[in-house]
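Here is what each chain is made of, one letter per residue.
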Amino acid sequence: MKITLAGLLFIFTTQLSAQHSLVFPEPSNVEQTTDKFVFNGRLTVDRTKIPEDLFPYLQQLFGRQSIHLEPAASKDASIHLQQIQTFVYSEGYQLEVTNSGIDIKYSSYQSLCNAFQTLNQLIQNPKELAGIHISDQPAYAYRGVHLDCSRHYFTILELRKFIDQMAKLKFNRFHWHLTDDQGWRIEIKKYPKLTSVGAWRDSTLIGHFSKQPAEWDRSKYGGYYTQEEAKDLVAYARIRGIEIIPEIEMPGHASAAIAAYPELSCTEKQIPVVGTWGVFDDVFCSQEKTRSFLKDVLDEIIEIFPSKVIHIGGDECPKVNWEKCPKCQSIMEQNNLKTSHELQSFFIRDIEKHVNAKGRTIIGWDEILEGGLAPNAQVMSWQGMEGGIAAAKLKHQVVMTPTSYCYFDYYQSGHPSEPLAIGGYLPLEKVYQFDPVKGLEDEYKRYILGAQANLWTEYLPNIQAVEYNAFPRLVAMAEILWNKGKVPYADFVEALSGNYLQQLRNDGVRFSTSFLDPKLEIRPNQTGVNYGLIKPVEDVVFSVNNEIVTGISIERTDQVREQRYLIHSNIGDQELRVCDYTFISHLALGKPVSFATKPHEKYDHNGSLGLTDGVVGKKPWKGNEWLGFNNDTVQFTLDLEALTSFGKLQIETLNDPGSWIYRPERFVIQLSKDGKKFKTAKKSNLNGDLILLTKKMKARYIKVTIFNKELIPQGQTGAGFTPWTFINEIILTK
Ligand SMILES: [Zn+2]
């Protein structure tokens, strides 16, 4: 990808400052000057140089900063616009504030939008602007945000507000997830039951998917967008420099459509619109009739959405019904298809041909690689980077959305007050470490168009919940996609907490301050452990019972003792949320553990002290605190550093099949005095989720081996994959 700006009329000196400027995402080049432009709340611009639709939006944008943006003759305007055709990068721009005004050089509609977004963020008071030279261009062409409007429905007004926030951060794609098992959300004129039936479910699951017994709210839920509303939103986003990419899911995640038209499935049985989460066996039959239906739907979608690409889903399609269906089987026979994956590939290729004939390209989730990728398809890689890398090597264009960096429905902290989420753990700092081209040879990097944050909404019932999960993680994602996170994380959060959060407050956007929580740094010592409270930003102050604290010490005990601390955080007089920590002390507190099986890098908090840090993982699981292993056998050894007598050992495990986490099937505990000869301990048993050993014993080394299922059973989420084993604290007492 070429990211140099050719045709520069002047070259700015690059200021290699670690500091983040006022502009989010940080521009490529920023140079402050001593100039000052005084404008007293009124900016003028030659209106004829600004596209007609854009001007009212800019007036509104600057109006929020109490700035009147008014038309003026070119020679009198305070903002001078100059279109330059020779920028290589079409979204790049230059912006200069001097004593005499504001100069903007741009090449395209998009680059003009970007320049004005930057200018808007530079304005700190409505009277004057500090002198600055900016020359700017994005690192990636595709900078996307996805929102699932099927699991929960959001109004057009709510979506507009969300798109406004995307525009400020220079995102340029909105991936609109319009259909799924839990609701069909877009009017299709040829098939009215898709919305009269498919947009409504009778009841919705309460609480987490894994909770037993399941509880239901027993109230009708739904909604849909008319074609007119969708077209309006397309126009609204286009004015802000954002293209909307619609998604129509196929062949899986089709329950809502099948509820409306049962003949679309293999069994043709009447099913309801689903009110729970997961993957369902009722999928679109691969027969000609169903594919024709989908082509009709796509014809109408293509009329509404001018985007170059159309998303056709393609993920998580169980093949159990296809394998029993005579219609599907005969298609396989006629076309010499050997596996159901090949049948899915045949299905997608047929759809692709239809979409290509209309001048559009399909994009699909990375499962469309299985059974052979359709010839012109783009791939959205969600299961990891691997699918995207494989597609790039096949010279297909790719958008990276790996769960580990891009799934913003995951928990952003382990704080007890975090609202319920699907699981996973993706704090702000991790988002900021994302590298969309990691692991790819240079020659294939150009196939990575960019990346996208995904907001799945099973557990995000309203727009406030969406905003809370989106911000400020979207700010970090914007930085990655615009400038590859070139400002060090510490400086980024410093600027974020000092500046951008205020902008979100002004715009009435809900956001999380979890990234400002104290970070515990565990330091073992002779008597137990000390938890240092690490400041995420310079200005934050922590206190317990009104006394400023920098650390908390806990002593080892031979019986379990719980100690609870409420840590208050403040920045100036701004109170952040209170963090509630409970530490438990016991005989193994702060003692080292060596792992024969390494915890997965996603869930390896506190390294070798993760099992003896005195911090007990909470239930329901919130992503951190627990150590996670993606192995069917897990083994580790605790070193008590001296021969120690004890009477009870317990390790809690997690069972959350919805998140692919299974409790162990069995385990073995072995004891040793010298670390060489180990003897198996008897009287141990699995008590629900608890690994338990009760017997008076003496040892220095304790080796634990845990055996889980080899594979997740058929019919369960993640079937065929290795289950996760999650454990926490080894609690040892007399
Ligand atoms: Zn079938």
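What you see is a predicted model; the values in this text were computed from it and never measured. Along each chain, the written sequence defines residue order, and numbers are assigned to residues from 1. In view of the model being predicted, local features appear only for residues whose pLDDT reaches at least 70, and side-chain atom pairs are presented and counted only at 80 or more, with totals across whole chains, interfaces and linings using the full set of residues. Derived side-chain values reflect all non-hydrogen atoms in the structure, with water molecules and hydrogen atoms excluded from consideration.

Digging into the side chain of Arg 360
Part 1: To qualify as a helix, a DSSP run of H or I must reach at least 4 residues; to qualify as a strand, a run of E must reach at least 2; elements of each kind are numbered from the N terminus. Looking at where Arg 360 falls in the secondary structure, it is placed in the loop between helix H10 (340-357) and strand S18 (361-365).
Part 2: Using a 1.4 Å probe on the protein chains alone, a residue whose accessible area is under 20% of its type maximum counts as buried, one over 50% counts as exposed, and one in between counts as partly exposed. His is not counted here, nor are the chain ends, while Lys and Arg score as positive and Asp and Glu score as negative. Each reported salt bridge corresponds to a side-chain nitrogen of Lys or Arg within 4 Å of a carboxyl oxygen of Asp or Glu. No salt bridge is formed by the buried Arg 360; the nearest opposite charge belongs to Glu 303, separated by 6.5 Å.
Part 3: Reaching out from Arg 360, the side chain makes a polar contact with the backbone oxygen of Phe 305 at a distance of 2.7 Å.
Part 4: Only heavy atoms matter for contacts: two residues are in contact if any of them lie within 4.5 Å across the pair. Excluding anything up to four places from it in sequence, Arg 360 contacts Ile 302, Phe 305, Pro 306, Ser 307, Lys 308, Ile 310 and Val 355. Whenever two N or O atoms come within 3.5 Å, that pair is a polar contact, provided that in protein one can donate a hydrogen and the other can accept it, and provided that, for residues adjacent in sequence, both atoms are side-chain atoms.

What to know about the confidence of the model for the protein chain
Part 1: Residues at a pLDDT of 70 or more form 97% of the protein chain, whose mean pLDDT is 93.
Part 2: Per-residue confidence from the predictor is given as pLDDT, running between 0 and 100. Every residue in residues 1-17 is under pLDDT 50, and counting partners more than four places away or in other chains gives 43 contacts.

Observations regarding the coordination of the zinc ion
Tetrahedral coordination by four donors sets the ideal angle at the metal to 109.5 degrees; octahedral coordination by six donors sets it to 90 or 180 degrees.
Part 1: In the first shell of the zinc ion, the protein supplies Cys 266 (SG), Cys 285 (SG), Cys 325 (SG) and Cys 328 (SG), at 2.2 to 2.4 Å from the metal.
Part 2: With 4 donor atoms in place around the zinc ion and angles of 106 to 116° between them, the coordination shape is tetrahedral.
Part 3: Note that water is not among the atoms considered, so a metal site may appear incomplete; the donors listed are N, O and S atoms within 2.8 Å of the metal, with 3.2 Å applied to Na, K and Ca. Sequence spacing of the donors to the zinc ion: C-x18-C-x39-C-x2-C. Note that Cys 266 is positioned in the loop between helix H6 (255-260) and helix H7 (288-304) and Cys 325 in the loop between helix H8 (320-324) and helix H9 (326-334), a separation of 59 residues in sequence. The pair formed by Cys 266 and Cys 325 is uniform in burial state, with each residue classed as buried. Just to be clear on the cut-offs, tetrahedral is four donors with all angles between 85 and 135 degrees, square planar is four donors and octahedral six with opposite donors over 155 degrees apart and all others between 65 and 115, and anything else goes down as irregular.

A word on the packing of helix H16 (residues 473-483) against helix H17 (residues 489-506)
Packed helix pairs are characterised by how far apart their axes lie and by the angle those axes make with each other.
Part 1: Comment: axis = line fitted to C-alpha atoms, over the contacting stretch for helices; angle = value between 0 and 180 degrees taken between N-to-C directions. Interaxial distance between H16 and H17 falls to 12 Å at its minimum, and their mutual angle equals 125°. Accordingly, the angle class assigned to the pair H16 and H17 is oblique. Here H16 and H17 pass one another in a crossing that is right-handed. Residue-level contacts link Val 475, Ala 476 and Glu 479 of H16 to Phe 492, Leu 496 and Tyr 500 of H17. Convention used here: angles under 35 degrees read as roughly parallel, angles over 145 as roughly antiparallel, angles from 65 to 115 as roughly perpendicular, and any remaining angle as oblique. For a crossing to be left-handed, the near helix must be turned anticlockwise from the far one by less than a right angle; the clockwise case is right-handed.

A few points about the pairing of strand S27 (residues 561-571)
Part 1: In terms of strand pairing, strand S24 (residues 540-544) meets S27 through 4 bridges, oriented antiparallel. Counterpart to Val 541 in the pairing with S27 is Asn 570.
Part 2: Strand pairing requires that DSSP identify at least two bridges connecting the strands. With 7 bridges connecting them, S27 and strand S29 (residues 579-585) associate as antiparallel partners. When the sheet's bridge partners are listed, Tyr 565 is paired in S29 with Tyr 581.
Part 3: In terms of strand pairing, S27 meets strand S28 (residues 574-575) through 2 bridges, oriented antiparallel.

Brief notes about the domain arrangement of the protein chain
The figure often quoted for interface size is the accessible area lost as the parts come together.
Part 1: Taken as a whole, the protein chain is organised into domain 1 (29-136), domain 2 (142-509), domain 3 (517-582) and domain 4 (586-734).
Part 2: Centre-to-centre, using C-alpha coordinates, domain 2 lies 36 Å away from domain 4.
Part 3: On the domain 4 side, the residues contacting the 19 residues of domain 2 number 14 residues.
Part 4: As used here, buried area is the combined drop in accessible area, with a 1.4 Å probe, of two parts when they are placed together. Each partner contributes to the roughly 1,200 Å² buried at the junction of domain 2 and domain 4, and carbon and sulfur atoms together form 57% of this total. For each domain, the first and last residues come from an automatic or database assignment.

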